[in-house]
Amino acid sequence: MPTEVVAIDGPSGAGKSTVARQLAQRLGFGFLDTGAMYRAITWLFLQAGCAPAECAAEPDQGHARMRACLQQSRLELQNGRVVLNGRDVTEHLRTREVESQVSAVSALSFVRAAMRDLQRAVAQAGPVVAEGRDMGSVVFPMARWKVYLDAAPSERARRRCQDFARQGREVSEALVLEEILVRDRLDSTRSDAPLRQAADAIYIDSTGLTTESVVAQLFARVRGDEVREAL
Ligand code: DC
């Protein structure tokens, strides 16, 4: 079980991706964006016409098709890009179509089991900063560093709107807030690996904090522990 892991969990829009990417860069660790993995599998199911909403009338058949699709797929993370069956799908992962289905896909136990194995394999290869919902609680219970990064829902909606605006998409903050609250509920009430703070994780509320200050705080903690251990 990998231990050289900074496990960062928290709800959507709390700033995990930006913090984790910058922290990984400063530490010289790999970066594992597990939300992108669930998004890629959701995109795959949408392409194959077997995403949960499309199979709602016949869930058993739908699950069989999703399992087959997953078994035949090869998901790779290469320098921050997500490559599915040899195709770079990174640009397709943050659409609202994917976002409308990703909570349902990530609630499926057979999807979670496959992603968990892949995530552990990545971390076996070297130290990583891994971000998601169940990094500290399920995938890397032995991680040396665990963080639960939170922010007020209104702040999270504001940040997501800024992301969308950068992509040239105008979406109302009220609508984004509504969608965030729905995803929070789905992600934290599912039976398999729900979003929750690991008992040994430190809690950071990033509302009103800059990315730099959160990264600096975590960097100091990790480097401090490493230095103490080397003494
Ligand atoms: O962090 P994100 O918004 O890219 O995550 C997309 C979805 O994937 C989110 O609704 C919850 C799910 N997810 C998960 O269930 N477990 C993870 N480790 C990461 C993401």
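See above for the structure.
Residues numbered from 1 in each chain as written. Predicted model: local features only at pLDDT ≥ 70, side-chain atom pairs only at ≥ 80, totals over all residues. Heavy atoms only, no water.

A. The overall build of the protein, seen in detail. Of regular secondary structure, the protein possesses 9 helices and 8 strands. The C-alpha atoms of the protein give 17 Å as radius of gyration, which agrees with the globular expectation for 231 residues (17 Å, within 12%). Each principal axis of the C-alpha atoms in the protein carries an extent, and together these give about 60 × 40 × 30 Å. Residue burial in the protein is summarised as follows: out of 231 residues, 46% are buried. When contacts within the protein are restricted to residue pairs at least 6 apart in sequence, long-range pairs at least 24 apart make up 75% of them. (Helix = DSSP H or I, 4+ residues; strand = E, 2+ residues; numbered from the N terminus. Rg over C-alpha atoms; globule rule 2.2 N^0.38 Å. Buried < 20%, exposed > 50% of the residue type's maximum accessible area, 1.4 Å probe, protein only. Contact = heavy atoms within 4.5 Å.)

B. Fine view of the site of the ligand. Every one of the 15 residues lining the ligand counts as a neighbour, but Arg39, Arg112, Arg133, Asp134 and Arg190 are closest to it. The side chain of Ser106 places a nitrogen or oxygen atom 3.5 Å from an oxygen atom of the ligand. Within the contact set of the ligand, an oxygen atom lies 2.8 Å away from a side-chain nitrogen or oxygen of Arg190. In isolation the ligand offers 450 Å² of accessible surface; the protein chains occlude 97% of this area. The set of elements that each furnish at least two residues to the shell around the ligand consists of helix H2 (34–48), helix H4 (96–106) and helix H8 (173–189). Counting residues per element, the shell around the ligand draws most heavily on H2, which supplies 4 residues. A breakdown of the residues in the shell around the ligand according to their chemical character gives 3 nonpolar, 5 polar and 7 charged. (Near = heavy atom within 4 Å. Polar contact = N/O pair within 3.5 Å; in protein donor to acceptor, adjacent residues only side chain to side chain. Areas by Shrake-Rupley, 256 points an atom, 1.4 Å probe, with all protein chains shown as cover. Nonpolar A, V, L, I, M, F, W, Y, C, P; charged D, E, K, R; others polar.)

C. The nonpolar core, seen in detail. Counting residues in hydrophobic clusters, the biggest one holds 37 residues, and the most contacted among them are Val5, Ile41, Phe45, Leu75, Val111, Met115 and Phe140. Mapped onto this core, the elements with two or more residues apiece are strand E1 (5–9), H2, helix H3 (59–71), strand E4 (81–84), H4, helix H5 (109–124), strand E6 (128–132) and helix H6 (135–139). Ignoring sequence-local partners within four residues, the contact set of Val5 consists of Ala123, Val128, Ala130, Phe140, Ala143, Arg144 and Trp145. Judged by nonpolar contacts, the second largest core, of 18 residues, contains Ile8, Val19, Ala24 and Leu218. (Core = buried A, V, L, I, M, F, W, Y, C linked by side-chain atoms within 4.5 Å.)

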